[in-house]
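Structural characterization, general
Each chain, letter by letter, is given below.
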Amino acid sequence: MTLRERFHEVMNFNPQVHSIKWEFGYWGKTLHDWYSAGLPKKRYPKLSRTLTTPTATLYAPAWTCQGVDKLPNGIAAMAGGLYHPTQAFPLDSDVRDHFKMDDSQRLVDVNLLFCPMFEVKIHSETDQKFIYTDVDGVKRVFLKDEATIPTSLEWPIKDRRSWEQLKAERLNLNNVKDRFPANWPQRVVEYKKRNYPLAVGGYPHGFFGTPAHLIGYENLFQWYCLEPDLVHDIVNTFTNVWLAVYEEVLSQVEIDHWQVWEDISFGRGSMISLDMVREFMLPYIKKIGDFLKSKGVKIILLDTDGDCNDLIPLFMEAGVTGMYPFETKCGMDIVKVRREYPQLQMLGGIPKSDIHLGKKRIDEFLEPVDRVLKTGGYIPFGDHFIPPEVDFENFSYYRTKLNGMIDQYGN
Amino acid sequence: MSETLRKLSECIECGKINKASPYPPAMKGLDGADELCKRAIDEQIKPDVILNESLIPAMSRIGEKFSQGKAFVPDMIISAKAMTAAMKHLRPFFTSGAIKSKGAFVIGTVSGDLHDIGKNIVSMVVEGAGWEVIDLGVDVGADKFLQAVEKHPHCVIGLSALLTTTMNNMESIVKAVKDRYPNKIIVVGGAPLSEAFCQKIGANFYSPDPQGAVEFLKQFAA
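Small disclaimer: the values here were computed from a predicted structure and weren't measured.

1. Re the packing of aromatic side chains
The final tally for this structure, using the stated rule, is 34 aromatic pairs over all chains. Taken together, a centroid distance of 5.8 Å and an interplanar angle of 35° make the contact between Tyr35 of chain A and Tyr44 of chain A tilted. Against the face of Phe66 of chain B rests Arg268 of chain A, its NZ or CZ located 4.8 Å from the ring centre.

Here you go:
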């Protein structure tokens with residue numbers, strides 16, 4: 001059975017097939033520490049300065065401003081639970097091979113933001129800071145010591161006037177084929193003979209996520225109240241662009257699922273009211289979801305950190321079939337969610353920050369994982385990137401035990 | 001309470017900034033916080049009465065709703081905007097001493113962290129509760145907090161962090177401040193934080209939401 005086939009069987013709740021061995025990913029510092037602690041270093045994750053599309057290589061200028069030989073501490077290496085390529089994050093192979101985990105899901109590399117992309121512009125660089133404008137038109141600052149994901153300073157959608165200009169120049173539907181990378185024909189050949197799950201969408205493409213990404217969170221929150229028609233126009237425009245792109249993709253290659261990035265919830269629940277979710281998000285999710293389902297793409301996975309309990313039924317109403325990563329410290333309980341939503345596909349749900357607390361705690365938090373694995377439709381992994389406080393010894397114990405648990409249920 | 005103050009309070013709670021503002025739809029075309037605060041002053045209502053009987057209770061109500069999950073981030077921001085529109089009419093009275101602020105609250109996002117939305121919301125809500133807010137911005141190290149304390153000796157300090165990597169920087173800032181000013185009160189907040197972390201680093205209070213910070217600050221009001 002290929003990984004792609006296994007993914008479909010697991011997502012279809014087939015109890016005869018065991019789940020998938022993925023993690024969400026690992027911070028750069030985590031990997032450095034694990035290599036020092038004995039993780040065999042055979043294929044150190046690679047950084048690249050090559051820009052293809054915002055989907056694959058957003059943030060690449062920041063990650064590589066200090067060179068390409070060493071992973072910045074705050075970058076993430078992908079480990080399957082989140083797709084690759086995204087955000088110029090490299091793919092891990094050493095942890096995967098050491099623990100005999102599964103290969104990663106992949107994301108179709110196509111431009112889903114502004115086309116043509118913005119030119120990367122470096123505004124200033126010191127020993128401490130790298131300030132630049134990325135291919136999505138957002139001006140960001142990267143702090144070299146902390147080396148975490150760059151922080152946005154200015155956004156390309158500033159008001160209706162700037163939006164209308166961007167819409168005319170970079171979001172029209174006359175140049176859909178320009179959104180595909182130069183090596184698209186070769187990628188199609190590869191995708192057609194693949195053995196991994198392949199998705200469309202991904203970061204930063206969502207119906208709250210993209211507006212927040214391109215307008216700024218604080219501005220968007222005000223616009224929901226003060227400029228609702230403008231917000232609708234923005235979301236509707238991107239919906240139509242994505243529909244056109246996905247139609248083109250699907251004319252050439254079969255897709256396994258759609259990844260929707262929102263990050264709309266935090267520790268206290270949804271950032272916006274459920275009425276706002278209904279008005280500004282659900283109709284658009286449904287529009288694309290219905291189209292994809294008509295083309296045989298039946299798995300729709302939505303990514304939102306934090307406490308998403310109140311959002312689950314709304315997103316399911318719009319056609320979402322699964323969610324992740326079920327952040328435990330924000331109150332997400334996979335046993336409770338499985339009981340309430342028996343058909344919701346779930347990924348994540350393991351308290352990543354507790355792995356370092358040792359064997360007793362690991363055994364404790366794996367007990368509910370075992371219970372949910374029995375029900376199917378679940379791919380267990382840490383509820384976000386594994387942080388540096390998780391030492392290699394404890395991660396080894398946790399991962400080995402989890403792998404054994406996964407193997408128990410099905411072939 | 002006068003009808004003007006009652007309407008002003010309603011505008012703050014609902015986020016009606018001014019007459020031109022389209023929000024909330026039910027109040028379209030009506031005077032907003034900007035116009036009503038000016039009218040209240042023109043009606044010779046004392047500025048401290050406007051602040052303490054209309055504005056602060058309204059912000060407190062929306063803050064409570066947010067704490068209870070009945071109001072959301074856009075509601076907080078738009079109410080704070082309405083509050084700001086009203087406060088611009090009261091600023092001269094703070095300067096003249098006709099209104100005394102409850103005290104100084106120095107806030108910043110800690111070094112290595114550039115996220116500010118949580119800090120900004122807390123700043124707006126605390127200012128709406130009658131405090132003078134000195135916002136140091138983002139990526140703020142211990143030395144800037146110490147300079148702020150020298151300038152505002154009786155201030156309460158607020159530290160914000162959004163990342164698990166940067167929240168650890170709070171510890172060194174708390175230590176630096178407490179080493180020089182052992183009795184300085186420090187409030188901490190941010191997505192990755194917890195009560196346990198607050199105690200571990202020696203801060204005085206952890207608040208998961210802005211209204212919690214306001215309630216905590218009441219005991220230190222001048």
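2. Section: the side chain of His205 of chain A
All names here are of chain A. Within the secondary structure layout, His205 lies in the loop between strand S8 (198-202) and helix H8 (209-215). Residue classification places His205 among the buried residues on the basis of a relative accessible area of 2%. When sequence neighbours within four positions are dropped, the list of residues in contact with His205 reads Thr55, Leu112, Leu113, Thr210, Trp242, Gln259, Val260 and Trp261.

3. What to know about the interface of chain A and chain B
With 20 residues of chain A in contact, the opposing surface of chain B contributes 32 residues. Across the chain A/chain B interface, buried area totals approximately 2000 Å², and carbon plus sulfur atoms make up 68% of it. Here chain A is connected to chain B by one salt bridge. Close ionic contact of Arg268 of chain A with Asp209 of chain B constitutes a salt bridge, the shortest N to O distance being 3.4 Å. At the boundary of chain A and chain B, one finds six residue pairs in polar contact (both at pLDDT 80 or more). Broken down by secondary-structure element, the contributors of at least two residues to the side of chain A that touches chain B are strand S6 (139-143) and helix H9 (217-226) of chain A. Ranked by the residues each element gives to the side of chain A that touches chain B, the list is headed by H9 of chain A, at six residues. Its residues assigned to classes, the side of chain A that touches chain B comprises 10 nonpolar, five polar and five charged.

4. A few points about the packing of helix H3 (residues 47-67) of chain B against helix H4 (residues 73-96) of chain B
Residue and element names in this part refer to chain B. Interaxial distance between H3 and H4 falls to 11 Å at its minimum, and their mutual angle equals 165°. Between H3 and H4, the crossing angle belongs to the class labelled roughly antiparallel. The crossing of H3 and H4 is left-handed. Contacts between H3 and H4 involve Pro47, Ile50, Leu51, Leu55, Met59, Ile62, Gly63 and Phe66 from the first element and Val73, Asp75, Met76, Ser79, Ala80, Met83, Ala86, Met87, Leu90, Phe93 and Phe94 from the second.

5. Remarks on the confidence of the model for chain B
The predicted coordinates ought not to be read in detail in places where the model reports low pLDDT. Scored by pLDDT, chain B comes out at a mean of 94, with 100% of its residues at no less than 70. Of the two predicted TM-score estimates for the complex, the pTM is 0.95 and the ipTM is 0.94.

About the criteria used
Residues numbered from 1 in each chain as written. Chains lettered and ligands numbered in written order. Predicted model: local features only at pLDDT ≥ 70, side-chain atom pairs only at ≥ 80, totals over all residues. Heavy atoms only, no water. Phe/Tyr/Trp six-rings, centres within 6.5 Å; stacked < 30°, edge-to-face > 60°. Lys NZ or Arg CZ within 6 Å of the ring centre and 35° of its normal. Helix = DSSP H or I, 4+ residues; strand = E, 2+ residues; numbered from the N terminus. Buried < 20%, exposed > 50% of the residue type's maximum accessible area, 1.4 Å probe, protein only. Contact = heavy atoms within 4.5 Å. Buried area = accessible area lost by both parts, 1.4 Å probe. Salt bridge = Lys/Arg side-chain N within 4 Å of Asp/Glu carboxyl O. Polar contact = N/O pair within 3.5 Å; in protein donor to acceptor, adjacent residues only side chain to side chain. Nonpolar A, V, L, I, M, F, W, Y, C, P; charged D, E, K, R; others polar. Axes fitted to C-alpha atoms, helices over the stretch in contact; angles between N-to-C directions. Parallel < 35°, antiparallel > 145°, perpendicular 65-115°, else oblique. Left-handed = near helix turned anticlockwise from the far one by under 90°. pLDDT = per-residue confidence, 0-100.

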